Amino acid sequence: MVRHCPGRAVREGIEDEAIRTVLSTVDVEVVSQRTAELLRRHFGAARVSLHVLLEGDPPQMERLLVDDPRNPTAAPGARFPAAESCCGRAVLERRRQGFDHLDAEHPRCTEEAELARLGYGAVVSFPLVFEDRAMGTLDVAHDPPEALFGSCLAHAARLAQLLAIALHNSRMVEEVRRLNRLLGRENERLKEELGRAQRSEPYVAVSPLMREVLRRVRMAGVSEATVLLRGETSTGKEGRARM
């Protein structure tokens, strides 16, 4: 595990790798896993999580994904007030937030007690902002001996920018899929309505003459009288007789 911040050439290589891997998919879970692997491999980061902002009164944060080798069973879905959490402060203030010397007995944020009990010494939250919209945070927790130096923090912040783009793309793709599902359901509904209309009214008349023909057919249809239909072959006599 790396115990120091990589040099400039290595950092530039990391960014190129991040562009290739993080932006190559719209699957936000795959993006998170690749980001976690990248950070751990180059910065020694131990835990990577992704939180999204749930707008409301008060606003909340929801853990979307978590990659934690010390707690493999850690599950997404946890929600907590944004103002009381490190990640929430980062996204609300739109700037990096962090705590070191984590203490489970005297937590300063919602995440601190859990992270300290798992043996992590510090946590840093980077806001995910795309086109002036704060969507969530990238959160990195690491061991007590570890330290993300200034250059590493700046580089991790650039990774967060890439992750914000990936999250935005994922949301846009999901929105397109949602709209397609709605369109598909609406299409099926209209087909069913059209089918019912065709079964109940197999003929559509436009000209006044044809409308008068259909009106007379309906009048005759409700009576017990015998009706003779005459006309050329294939002009619809049988169909009108069934009306």
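Our structure is the block above this text.
So, how was this worked out
Residues numbered from 1 in each chain as written. Predicted model: local features only at pLDDT ≥ 70, side-chain atom pairs only at ≥ 80, totals over all residues. Heavy atoms only, no water. Helix = DSSP H or I, 4+ residues; strand = E, 2+ residues; numbered from the N terminus. Buried < 20%, exposed > 50% of the residue type's maximum accessible area, 1.4 Å probe, protein only. Contact = heavy atoms within 4.5 Å. Phe/Tyr/Trp six-rings, centres within 6.5 Å; stacked < 30°, edge-to-face > 60°. Lys NZ or Arg CZ within 6 Å of the ring centre and 35° of its normal. Patch = residues over 30% accessible without salt bridge, like charges linked within 9 Å, V, L, I, M, F, W, Y side chains within 5 Å. Areas by Shrake-Rupley, 256 points an atom, 1.4 Å probe, with all protein chains shown as cover. Salt bridge = Lys/Arg side-chain N within 4 Å of Asp/Glu carboxyl O. Core = buried A, V, L, I, M, F, W, Y, C linked by side-chain atoms within 4.5 Å. Polar contact = N/O pair within 3.5 Å; in protein donor to acceptor, adjacent residues only side chain to side chain. Pairing = 2+ DSSP bridges. Axes fitted to C-alpha atoms, helices over the stretch in contact; angles between N-to-C directions.

A short note on the overall build of the protein chain
Along the backbone of the protein chain there are seven helices and six strands. When the elements of the protein chain are put in sequence order from the N terminus, they spell out α-α-β-β-β-α-β-α-β-β-α-α-α. Across the 243 residues in the protein chain, those meeting the buried criterion constitute 38%. A separation threshold of at least 6 residues defines the contact pool for the protein chain, and within that pool the share at least 24 residues apart is 58%.

Section: the packing of aromatic side chains
By the definition in use, this model includes zero aromatic pairs. If you follow Arg70 out to its NZ or CZ, it ends over the ring of Tyr120, 4.4 Å from the centre.

Some details on a nonpolar patch on the surface
On the surface, Leu209, Met210 and Val213 cluster together into a nonpolar patch covering about 250 Å² of accessible area. Mapping Leu209 onto the fold places it in helix H6 (residues 208–221). Accessibility expressed as a relative area gives 63% for Leu209, which makes it exposed.

Observations concerning the nonpolar core
Considering soluble globular proteins, one finds that nonpolar side chains tend to be buried as a cluster. Counting 26 residues, the largest nonpolar core has Phe126, Leu128 and Leu138 as the members making the most contacts within it. Elements that contribute at least two residues to this core include exactly helix H2 (28–43), strand E1 (47–54), strand E5 (122–130), strand E6 (133–142) and helix H5 (150–200). Ranked by residues supplied to this core, first place goes to H5 with nine residues. Excluding anything up to four places from it in sequence, Leu138 contacts Thr35, Leu39, Val48, Ser49, Val124, Ser125, Phe126, Leu128, Ala156, Ala160 and Leu163. By size, the runner-up hydrophobic cluster in this structure holds 10 residues, among which are Ala46, Cys86, Leu102 and Ala141.

Looking at helix H3 (residues 86–93)
Those residues of H3 that sit buried are Cys86, Cys87, Gly88, Ala90 and Val91. Looking at the buried residues of H3, the elements they touch are E1, strand E2 (60–67), strand E3 (79–81), strand E4 (97–100), E5 and E6. The residue sitting at the N-terminus of H3 and contributing the capping side-chain oxygen is Ser85; that oxygen lies 2.9 Å from the backbone nitrogen of Gly88. Of the residues one or two after H3, Arg94 is the one with positive phi, at around 60°.

Topic: the sheet that holds E5
Taken together, six strands build an open sheet; the order of strands is E3-E2-E1-E6-E5-E4 and the sheet is antiparallel. The open sheet has two free edges, formed respectively by E3 and E4, since each of these has just one partner strand. Strand-to-strand twist across the sheet, computed as the mean angle between neighbouring axes with direction ignored, equals 25°. Sheet analysis places E5 next to E6, joined by nine bridges and oriented antiparallel.

Overview of the pattern of salt bridges
Across all of its chains, the model carries 13 salt bridges by this definition. Across the pair Arg94 and Asp132 runs a salt bridge, and its minimum N-O distance is 2.9 Å. In this pair, Arg94 sits in the loop between H3 and E4 while Asp132 sits in the loop between E5 and E6, placing the two residues 38 residues apart along the sequence. Taken together, the shared-partner salt bridges in this structure form one network comprising Arg47, Arg63, Asp68 and Glu114.

Here we look at the side chain of Asp139
Along the chain, the position of Asp139 falls in strand E6. A polar contact of 2.6 Å, which involves the side chain of Asp139, links it to the side chain of His51. Polar contacts involving the side chain of Asp139 include one to the side chain of Thr137, which spans 3.1 Å. Residues in contact with Asp139, not counting those within four places in the same chain, are Arg47, Val48, Ser49, Leu50, His51, Cys87, Val124 and Ser125.

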